[in-house]
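Chain by chain, the residues:
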Amino acid sequence: MFSSKCFFIFSFSLFTLYSCVNRNQQIPLRGIISEKAMVSSAHPLASAIGVEIMKNGGNAIDAAIATHFALAVVYPQAGNIGGGGFAVIRLNNGSINSLDFREKAPALAHRDMYLNADGQLIDLKSTHGHMASGVPGAVDGMFALHQKYGTLTMAELIEPSIEIAQRGYTLTPLATKLLNTKQEEFQKYNRWSTPYQSDHNWEVGDTITQPDLAKTLENIQTNGRNGFYEGIVADQIVAEMQIGEGLVSHADLKNYQSVWRKPITGKYRGHQIISMAPPSSGGIALIQLLQGTEDYPISDWGHNSTKTIHLMAELERRVYADRATFLGDPDYIDVPIDQLLDSAYNQKRYDEISFLKATPSVLVSSGKIPPSESPETTHISVVDANGNAVAITTTLNSSFGNKVMVKGAGFFLNNEMDDFSSKPGSPNQFGLIGGEANAIAPHKRMLSSMTPTIVTYKDKLKMVVGTPGGSTIITSVYQTLLNVIDHGMGMQEAVNAKRVHHQWYPDEIRVETDALTENVQNDLEKLGHQLRITDKIGRMDCILVLPDGRLEGGADPRGDNTALGY
Ligand code: GLY
């Protein structure tokens, strides 16, 4: 499908176009518009590959798979084959489905594995180095998606990524800056010099080639799922584990299986919301938030007005308290899904909300400590020319996962074990409190906030939405839906709009720089809210179906995110 030479020229010219044109201009309010099909992802090359797959006859799922593998090459901080994620699918016949390819705890994992003899959390053990890694699910997930929905061959979908890994890709300004901040950690957690290390500072336009990763992708291309979970790549992962107290074994890899799950669905102002079920908390929390919003005229109150932000913060602290108590892997605990989605249950909780003052989180429940690590996950939204849609959110957890690149195999491992409650009641790196429901157990999946979401209106596809951002994923998706549905924004405008976030603990509203006027900030403080100004929240990749059937992309200007279509 792609001749190597053509693809290289194509990718090089795309980078040139991207770096010279798009990013030097003011952030546009209107996103790219396409007639038929679109991909929005964290990197222009990955989006371009997805579009090319569809032009060559692939459907939305084919495009998403190819984009996912491409992100593993050009967006290594979150794109991955060493991590996991979730996919939500809606076909043009209205059928919906979702796939859980979340990482799992290794068989040797145990409840107190990150605690010292005094029962205290050991610093960095669940976030850095080999022991932080769960069993990767991403490759199995891509094969499961392909088996059910794919039309092109998996070999065709992986080929462009192999070519980029072999020939190299050029660093954007944001990627360059990020890599230069990670050099010390890469050196500390690797016993060899990975392609992402350099003895000089990386510079914009430098090329990264990844021959080991190319070989691993070839192995997967030739041997299918087993090219990752068995044979040489599995040997390389297990050898890596043995160097640093990691627990992932050959049996863990061989036995990993993705799970098809019934999507979480709900209604909001006549729209149907289709999102991810546990072990992600995303779908349930999103529907709970929307239920609490529906009774209020927030479009009259205004975007980011005092009253709107106060309502959102009050809803969020209650929903995140529920998340901490009730949510975990449904294969291990009974998640009370129906009750949490029950409007009477939510209404009763929300009836306590006062518009005269903030409720201190301590009156909702207990715990604290702010996040310390940048949340790195990534999202792909795709719509094809036949109206099939897929939303995939995938992650290594932190930026570059546990910072360990598997020697010889060329990919970073996740640090998803930190999404468990290592010590129930104590916060994880995102400041999220968890309870027994999310305690570590062998083979269990850790709770997630990933919220890949599809929205329909009058049975027609309307939006495909998702973002990285750790605990802020849910509230970023929530605000983006409100921006379009309540505040009448287009897709790009909704993505550009400044965000805020509350997660119960820490008891504060995180506010993006310039999100709120000084008056609104003062008024919120008078109501009793603590505000913390923060740099960036989320990096959305979204697609909106316009009334005339064309597609508008929403690619987040906070990152290198790019929507492309035809
Ligand atoms: N690792 C972030 C999440 O799954 O929520």
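Scroll up to find the structure.
> Looking at this model, I keep getting lost on the pattern of salt bridges. Mind explaining?
Where charged atoms from two side chains of opposite charge approach closely, those side chains can pair. For the coordinates displayed, the defined rule picks out 26 salt bridges. The closest approach of N and O atoms between Asp419 and Arg102, which form a salt bridge, is 2.8 Å. In this pair, Asp419 is assigned in the loop between strand S11 (389-398) and strand S12 (453-457) and Arg102 in the loop between strand S4 (96-101) and helix H4 (138-149), connecting sequence segments 317 residues apart. One exposure class covers both Asp419 and Arg102, and it is buried. For Asp212, the salt bridge is made with Lys215, and the minimal N-O distance between the two is 3.6 Å. Of this pair, Asp212 and Lys215 both sit in helix H7 (residues 211-223), three residues apart, roughly one helical turn. Each of the salt bridges in this network shares a partner with another, and the network as a whole consists of Glu314, Arg317, Arg318, Glu352 and Asp507.

> In this structure, what is going on with helix H2 (residues 44-55)? I would like to understand it.
Within an α-helix, residues lying three or four positions from one another point in the same direction, as the helix has 3.6 residues per turn. For H2, spanning twelve residues, the distance from its first C-alpha to its last is 16 Å, which sits close to the expected 16 Å at 1.5 Å a residue. Within H2, ten of the twelve residues are buried, leaving the element largely enclosed by the surrounding structure. Residues Pro44, Leu45, Ala46, Ser47, Ala48, Ile49, Gly50, Val51, Ile53 and Met54 constitute the buried set of H2. Once H2 finishes, Gly57 follows within two positions and takes phi at roughly 105°, a positive value.

> Explain the side chain of His502 here, please?
With respect to the helices, strands and loops of the structure, His502 is situated in the loop between strand S14 (500-501) and strand S15 (509-512). Residue class for His502 comes out buried when judged on its relative accessible area of 1%. A polar contact of 2.9 Å, which involves the side chain of His502, links it to the backbone nitrogen of Trp504. The residues contacting His502, other than those within four sequence positions of it, are Ala313, Glu316, Arg317, Tyr320, Ser361, Thr475, Asp507, Glu508 and Ile509.

> I tried to follow the sheet that holds S12 on my own but got confused; where do I start?
Strand pairs in the sheet, formed through backbone hydrogen bonds, run parallel or antiparallel to each other. Ordered in space as S1-S18-S17-S13-S12-S9-S8, the seven strands form an open sheet in which the pairing is antiparallel. In this open sheet, the two strands that pair with only one neighbour each are strand S1 (33-34) and strand S8 (264-268). Pairing analysis gives four bridges linking strand S9 (residues 271-275) to S12, with the strands arranged antiparallel. Looking across to S12, one finds that Ile273 is bridged to Val455. Contacting S8, S9 and S12, helix H11 (residues 282-293) crosses the sheet at an angle of about 15° to S8.

> Explain the environment of Leu157 to me, please; I cannot follow it from the model alone.
Along the chain, Leu157 turns up in helix H5 (residues 154-167). The spatial distance from the C-alpha of Leu157 to the C-alpha of Ile53 is 7.4 Å, given a sequence separation of 104 residues. Beyond its immediate chain neighbours, meaning those up to four positions away, Leu157 contacts Ile53, Asp62, Ile65, Ala66, His146 and Leu152.

Reading guide: rules and limits
Residues numbered from 1 in each chain as written. Predicted model: local features only at pLDDT ≥ 70, side-chain atom pairs only at ≥ 80, totals over all residues. Heavy atoms only, no water. Salt bridge = Lys/Arg side-chain N within 4 Å of Asp/Glu carboxyl O. Helix = DSSP H or I, 4+ residues; strand = E, 2+ residues; numbered from the N terminus. Buried < 20%, exposed > 50% of the residue type's maximum accessible area, 1.4 Å probe, protein only. Expected span 1.5 Å × (residues − 1). Polar contact = N/O pair within 3.5 Å; in protein donor to acceptor, adjacent residues only side chain to side chain. Contact = heavy atoms within 4.5 Å. Pairing = 2+ DSSP bridges. Axes fitted to C-alpha atoms, helices over the stretch in contact; angles between N-to-C directions.

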